[in-house]
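# Per-entry structural report
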Amino acid sequence: MERVRSGLATIAARYTIEVVLVVLVIVLLLTSSSFGTSDNLNGVLRQSAFVGIGAAGMTLLIVSGAFDLSVASLLAVCGIAAGKLVGDVGVVIAVVAALLLGAGLGSVNGLIVSRLRVPAFVATLGTQYVYLAIAYIWTNNQVVVVSNTTFLALGAGSIAGIPTPFLFMIGTYLVCWYLFWRTRYGRHVRAMGSNEQASLIAGVPLERVRVATFALVGVCTALAGVLLTGLVSSADGTVATGYELNVIAAVVVGGTSLNGGRGTLAGSFAGALFFTLVSNALNLYGVGSYWQYVVTGLVLVSALGVEGLRRRFWLETI
Amino acid sequence: MPDQQPILAAHGIVKRFGGVQALRGVDFDLHASEVHALVGENGAGKSTLIRVLAGLHRPDEGTLEVNSRSMRFGGPLAARRAGIGTVAQEFTLVPKLSVAENVLLGHEPRRPWRLLDWPVMRRRTSELLEQLGLEIDPQARAGSLSIADQQLVEIAKALSLEPSVLIMDEPTAALNPAEVDRLIDVVGALRDRGVGVLYVTHRLGEVFRLADRITVLRDGEQVATQAAAAIDEDELITQMLGRELTAVDHEPQEVAEDRQALLRVSELSLEGDFSQVSFEVRAGEVLGIAGLVGSGRSELMRALFGLLHPTAGTAEVDATSLTATHPRDALAAGVFLLAEDRKAEGLIPDLSVRENLFLTAAPDDGESPWLLRRSAETKEYEQVKSFLDIRADSPEQPIPTLSGGNQQKVLLGRAMASHARVLLLSEPTRGVDVGAKSDIYRALRKLAADDAAVVVSSSDALELSQVCDRCLVMSKGRAVRVLGPAELDEDSIVAAAVRGRDDDEAVDEHVDVDKEQPA
Amino acid sequence: MSTTTVPRSPLGRLSVRRLLDVLQSAGLLAVLIVVFVVVSVLEPHFISGASLKTILVNSSQLAVCGVGMTMVIALRGIDLSVGSVEALAAVVAAKLSSTGTPLALAIAIALLAGLVAGTINGLIITQLRVPAFVATLGMLSIAQGVALLYSNGGSFLVSDRAFTAIGRDVVLGVPLPFVIALLALIAGWVLFNQTRFGRHTAAAGDNEEAAIASGIRVRSLIVAVFAIVGLTAALAGVLVTAQVGDVDATVGMGFELNVIAVVVLGGTSLAGGRGNLPGTVLASVLVASINAALNILGVQTFYQYLAVGLLLILALALEAFRDRLTGSRPSARPGV
């Protein structure tokens, strides 16, 4: 009995966010009649994909010891690129171009951080402004409207009943998981975030890893931008204001440490779902959107506060 | 002369961390005008005991009396108010603040309106520094001072509260012999002024120079407390280890002339650090590099590895020119560096033992450069583990759970897994206790026998005499002498390191040897 | 036996470090002068009294909050909630004032709101052990929600003449909001450089273990510093209300990133331990000048983003270069 209890406690500690997620789903299923409808569930899955996909790349970046605050503008620029091109070159090329652009802008971030030795936090604060300016200038401050039905289906459609963006999210996480745990690159990412100087001496190619990881964030964000553009059938500079904070919140709530070196992709996946569920729950319960701000903030703080308290008071026993 | 009543008396101190008992009922007392040394292997409990006395840990059991008054274990502030000052191993200086701000940190003098009184601060700081024989500008930025000076500023900081007890934890770890002498004088002067000094060190020579009494801890237990005059070094070591120290079974030998020189360094210079250094190391040979702190030997190692860029001279590995501008160049040429500070520059704390070991290993021919090959790694891990005698329960264990000696062996394993043939090792037994040291020496000899060229840079002359075949001695950036197998003993190494080049100006330091000189 | 020791490099003296800070500010000043010269050649109105007054007024909110943020960053923390707190204070002051509350009381309550929000941030960080980044990110959301709830999504027109006078009055030729900013600068400078509190803040930011070991109560320090930046954010909100006269809960969007930008531009390192308060104020003026310059030249607003972004990157590349010169560590992640 003792073993079972301590085993459960360990699982709860390591998979906190997943457990909370499951509990939340159960509570919602039991207490809200509209939660369990396929419409609603699909909506949740669809909605969580945008932050979720961005969070996959961001997880690796945070584990490697850096931040990217420019993703909101980066997403906007790539969405605009796809939206503008799709009319001329078709869906496939437009999407690929957007992803390449994402990789490129991400690499610029990476180069500024590793070549110019500018701290990631502030470097991407700067590029956030620059990319936002590019978005405005490119669209001449007007909204780009997209009508290509295949493209719209990427964001708004479903395959076999599952929203397409969510399928993309699963695919993204599988790829990222593989990169993180099964490749030398992933090992280098974790080493860099844990002890950069020791990694240098061990021969880890720091600059390459850094640029590659920023590029990965760029690609993930670009994908999210393409899908979002498809969903809302339009693109402009402010489509994703606050995106960077939502993505980082999902990663952090998922259990990845801001210090780097350790991280969990499953946690970020659950974190993205979690925030979307909270927002959905508040909607279903008729909580006004203003209160949603308050609740989301409280949830974020509590999620980490509980972890902090646990480490503070229970470390002796666990 | 020690007074009758101790100024500090601790009884029955017990401290547990999780399941581990760090202290099992230790008694300790200290008199005024006394230096009481605390010795023991790593993990014996020395750090824990002083952290308890300094108020950083609360013990599970035990009592404390300061100046005959019973005291409760409060925090660091309470300890300081009771008159216990501490100079810890980790520096507690704030690098960006000035010396004066550091020395008086926490109790800065104030003018009306709660504003800081800078003139008074500068004056008090200068006074305290003068007592230690220093003339440092109180407005200098603390981070810009040499390590030795920072140490003395730390002491000034501890003294600024006028303690009756001063705890010093490994104060000479980063000092050269001249600076050690200066520190020993300072401690002696403090003792004469009535302060009781608790002196923790690994260096037994200092113990016998300074201490009035010696307490030995082993495995959290107090093994002995005795007058320093009543014991000698060998007995002390026996008390510390619980057994006699067996000598390392090794004779320095001349490696056969026809073995190729794997590493050839010619007139290598790095302006400001070392100049015109030349030497060769053959496969199968262990070359030592001796020298005081500041002799340039650590910079030499780092330059060979690509962390620093030489301004002149050449280096060759296996007859191919080596111009390493980055560690990756050096590793590609088969050169591996084990840096001095394994915590800062060696281990990756969030990775497992296996991942640390294989971090540098490049993919073999035919292997994918992308994917990790888990089963191949596991097999190779077992081989390396038995070769180096690494003690770890599982390769997936987080590396911080290993002891210092085993961590160092994992880093040597990293060298093996990377197929490096030239191994540059800086202070390979730093922070490794006596028992594990001989393990490491054995491992080094095995690696050399396995056809590697091993270079060991160390401040421990005894260690060099035991593990090397030849020894290059550096002083003030120049290569001063090469000692062959026949001349390879501790005294010769130290003498050469201190004496320096014959054409240098006379150095006004006396030779410090860890043994009593005949009168 | 006495040893004279000189710091290893001449760059080691504290006075030289201060000189570098001055140079950084001089660099900002140089850019400022260039901007003025270039723009006034193209558009002579730029140098006019009215234009200069507008610049100073517009820079005040950044400067005021920047003073608080400088101290937080010197403590090696970060506050992402200042935008929402500014908005909260703005709507509180505006709503109270426009419903008849005496001006002084309305302003006091608004400032109190900021103080409380900041204190809560500090408590979350110290008691729940939540990293500052996340704690203030949460507060950003919470304060925004409270601001929206309090204002019910609407906007408030300030009719109290005395209130708008704060935004319009001039003292000895200098607009009152900027005078307030200068007063904040002086108070902040004295607090940070001449009191135990300030020196302990710098110490805790540079080496927290050392500060704790020296008996400094770092937790109380953290709460106090975050309370201060909350207060300055609220003050910025009051100033914005006084200047603009018509505010709603969105008034602070993006403010936090602008404030962090001017602190960094001003020469304060994210690694903590130091703070360049005059630099922050100077950088605020610079950013306001650039915005005004682009406005008057008819350049579209989004180019301002470009300008600020590039300026930020340039300034940081210079700082990294300078850090390497003086042998400091490059800055690590903030607010963790």
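Residues numbered from 1 in each chain as written. Chains lettered and ligands numbered in written order. Predicted model: local features only at pLDDT ≥ 70, side-chain atom pairs only at ≥ 80, totals over all residues.

### Comments concerning the overall build of chain A
Just so we agree on the cut-off: Runs of E in the DSSP output that reach at least two residues are strands. Runs of H or I that reach at least four are helices, and both are numbered from the N terminus. Here the globule rule reads 2.2 Å times residues to the power 0.38, and the radius of gyration is calculated from C-alpha atoms. Neighbour counting defines burial: a residue surrounded by 20 or more other C-beta atoms within 10 Å of its own C-beta is buried, one with 12 or fewer is exposed, and intermediate counts give partly exposed, using backbone-placed C-beta atoms.
Looking only at helices and strands, chain A has 14 helices and four strands in total. A globule of 318 residues ought to have a C-alpha radius of gyration of about 20 Å, and chain A, at 20 Å, matches this closely. Principal-axis analysis of the C-alpha atoms places the extent of chain A at approximately 65 × 60 × 35 Å. In chain A, which comprises 318 residues, the proportion classed as buried is 57%.

### Structural notes on the overall build of chain B
In plain terms, the rule: The contact criterion used is a C-beta to C-beta distance within 7 Å, with each C-beta placed from the backbone.
A count of helical and extended segments in chain B gives 17 helices and 21 strands. For a compact globule of 519 residues, the expected C-alpha radius of gyration is about 24 Å, and chain B comes in at 25 Å, within 12% of that figure. Burial statistics for chain B: of 519 residues in total, 49% are counted as buried. In chain B, of all internal contacts separated by at least 6 residues, the share reaching a separation of at least 24 is 67%.

### A closer look at the sheet that holds strand E12 (residues 261–270) of chain B
Residue and element names in this part refer to chain B. The condition is simple: Note: two strands are recorded as paired if DSSP finds a minimum of 2 bridges between them.
What the four strands build is an open sheet, ordered E13-E12-E15-E16; its pairing is antiparallel. What marks the edges here is a single partner per strand, and that holds for strand E13 (274–282) and strand E16 (320–321). Pairing geometry for strand E15 (residues 312–317) and E16, over two bridges, is antiparallel. Looking at the pairing, Glu316 lines up with Ser321 of E16.

### Some remarks on unusual backbone geometry
Residue Arg117 of chain A is not a glycine yet carries a positive backbone phi of 55 degrees. As for its position among the elements, Arg117 of chain A is in the loop between helix H5 (91–115) and helix H6 (120–139). Residue Arg117 of chain A is classed as partly exposed on the basis of its C-beta count, with 17 C-beta atoms lying within 10 Å. Positive phi is not limited to glycine here, since Trp113 of chain B has a value of about 65 degrees. Considering the arrangement of structural elements, one finds Trp113 of chain B in the loop between helix H3 (99–103) and helix H4 (118–131).

### Describing the interface of chain A and chain C
Note the cut-off: The classification used treats Ala, Val, Leu, Ile, Met, Phe, Trp, Tyr, Cys and Pro as nonpolar, Asp, Glu, Lys and Arg as charged, and all other residues, Gly among them, as polar.
Counting residues at the interface gives 40 residues for chain A, matched by 42 residues for chain C. At the level of secondary structure, the elements contributing two or more residues to the side of chain A that touches chain C comprise H6, helix H12 (243–253) and helix H14 (289–313) of chain A. Here the side of chain A that touches chain C gets 15 residues from one element, more than from any other, and that element is H14 of chain A. The class makeup of the residues in the side of chain A that touches chain C is 28 nonpolar, nine polar and three charged.

### Side note on the pairing of strand E21 (residues 478–483) of chain B
All names here are of chain B. Pairing between strand E20 (residues 470–475) and E21: five bridges, direction antiparallel. Its bridge partner being in E21, Val473 is matched across the sheet by Arg481. Between the antiparallel neighbours E20 and E21 lie two residues, among them Lys476 with a positive phi of about 50 degrees.

### Some points on the packing of helix H4 (residues 71–89) of chain A against helix H11 (residues 206–232) of chain A
Residue and element names in this part refer to chain A. This is how it is decided: Axes, fitted as lines to C-alpha atoms, cover a helix only where it is in contact. Angles between the N-to-C directions of the axes lie from 0 to 180 degrees. Here the angle decides the label: under 35 degrees means roughly parallel, over 145 means roughly antiparallel, 65 to 115 means roughly perpendicular, and every other value means oblique. Two helices crossing with the near one rotated counterclockwise from the far one by less than a right angle form a left-handed crossing, whereas a clockwise rotation gives a right-handed crossing.
Axis separation between H4 and H11 bottoms out at 8 Å; the angle between their running directions is 55 degrees. The angle between H4 and H11 falls in the class oblique. The handedness of the crossing between H4 and H11 comes out as right-handed. Counted together, Val71, Leu74, Leu75, Ala76, Cys78, Gly79, Ala82 and Gly83 of H4 and Val217, Gly218, Thr221, Ala222, Ala224, Gly225, Val226, Leu228 and Thr229 of H11 form the full contact between these two elements. A breakdown of the residues in the contact of H4 with H11 according to their chemical character gives 11 nonpolar, six polar and no charged.

### Re the nonpolar core
Quick note on the threshold: In plain words, the nonpolar core is the set of buried Ala, Val, Leu, Ile, Met, Phe, Trp, Tyr and Cys residues that C-beta atoms within 7 Å link up.
Leu424 of chain B together with Ala89 of chain C are the most contacted members of the largest nonpolar core, which totals 393 residues. Once you skip the residues sitting within four places of it in the chain, Ala89 of chain C turns out to touch Ala110, Leu111, Ala113, Gly114, Ala233, Ala234, Gly237 and Val238 of chain C.

### Remarks on the packing of helix H8 (residues 164–182) of chain A against H11 of chain A
Residues and elements named next belong to chain A. Relative orientation of the contacting elements H8 and H11 amounts to 170 degrees, with a least axis distance of 11 Å. Judged by the angle between their axes, H8 and H11 are roughly antiparallel. Of the residues in H11, those in contact with Pro165, Phe168 and Thr172 of H8 are Cys220, Leu223 and Leu227. Of the residues in the contact of H8 with H11, the class split is five nonpolar, one polar and no charged.

### Focus: the environment of Ala10 of chain B
Residues and elements named next belong to chain B. Tracing the sequence through the fold places Ala10 in strand E1 (residues 8–17). Accessibility expressed as a C-beta count within 10 Å gives 23 for Ala10, which makes it buried. Residues Ala10 and Thr238 lie 228 residues apart in sequence; the distance between their C-alpha atoms is 25 Å. Those residues within four positions of Ala10 in sequence are excluded, and the remaining contacts are Asp27, Phe28, Leu53, Gly62 and Leu64.

### A few points about the sheet that holds strand E11 (residues 221–227) of chain B
Residues and elements named next belong to chain B. Spatial strand order, E6-E8-E9-E3-E10-E11: six strands in an open sheet with mixed pairing. A single partner strand is all that each edge strand has here, and the edge strands are strand E6 (84–87) and E11. Pairwise comparison of adjacent strand axes, ignoring direction, gives a mean angle of 20 degrees for this sheet. The pairing of E6 with strand E8 (residues 165–169) spans four bridges and is classified as parallel. Its bridge partner being in E8, Thr86 is matched across the sheet by Ile167. Here helix H5 (residues 147–159) sits on the sheet in contact with E6 and E8, set at roughly 170 degrees to E6.

### Here's the deal with the confidence of the model for chain B
Which entries qualify depends on this criterion: Confidence scores here are pLDDT values: one per residue, from the predictor, ranging 0 to 100.
This prediction gives chain B a mean pLDDT of 84; 91% of its residues lie at or above 70. In this model, residues 504–519 of chain B is a region of pLDDT below 50 whose contacts with residues beyond four sequence positions or in other chains number 13 contacts.

### Describing helix H14 (residues 404–417) of chain B
For clarity, the cut-off: Given the number of residues in a helix, its expected span is that number minus one, multiplied by 1.5 Å.
Taking 1.5 Å as the rise per residue, H14 of chain B with 14 residues should run 20 Å; its terminal C-alpha atoms sit 20 Å apart, in good agreement. Phi for His419 of chain B, located one or two positions after H14 of chain B, is positive at around 55 degrees.

### Observations concerning the pairing of strand E18 (residues 422–426) of chain B
Regular strands have side chains that alternate between both faces of the sheet. Residues and elements named next belong to chain B. Selection rule: The path from the first strand over the helix to the second decides the hand: if it runs clockwise while the strands point away from the viewer, the crossover is right-handed.
Burial analysis of E18 places five of its five residues in the buried class, the great majority of the element. Taking every second residue as pointing to the same face, both faces of E18 are buried, with Val422, Leu424 and Ser426 on one and Leu423 and Leu425 on the other. One crossover worth recording links E18 to the parallel strand E19 (residues 453–457) by way of helix H15 (residues 434–449), and it is right-handed.

### Brief notes about helix H6 (residues 177–192) of chain B
Residues and elements named next belong to chain B. Under the 1.5 Å per step criterion, the end-to-end length of H6 is 23 Å for 16 residues, consistent within 8% with the ideal 22 Å. Along H6, the positions that sit buried rather than exposed are Pro177, Glu179, Leu183, Val186, Val187, Leu190 and Arg191. Trailing H6 by a residue or two, Gly194 shows a phi angle of about 105 degrees, which is positive.

### Structural notes on the environment of Phe91 of chain B
Residues and elements named next belong to chain B. Mapped onto the elements, Phe91 comes out in the loop between E6 and H3. On the basis of neighbour counts, which here come to 20 C-beta atoms within 10 Å, the residue Phe91 falls in the buried class. Along the primary structure Phe91 and Leu412 are separated by 321 residues, whereas in three dimensions their C-alpha atoms are 29 Å apart. Setting aside residues up to four positions removed in sequence, Phe91 forms contacts with Gln150 and Glu154.

### Some thoughts on the environment of Val189 of chain A
In this fold, Val189 of chain A is placed in helix H9 (residues 184–194). Residues Val189 of chain A and Tyr293 of chain A, 104 residues apart in the sequence, show an inter-C-alpha distance of 34 Å.

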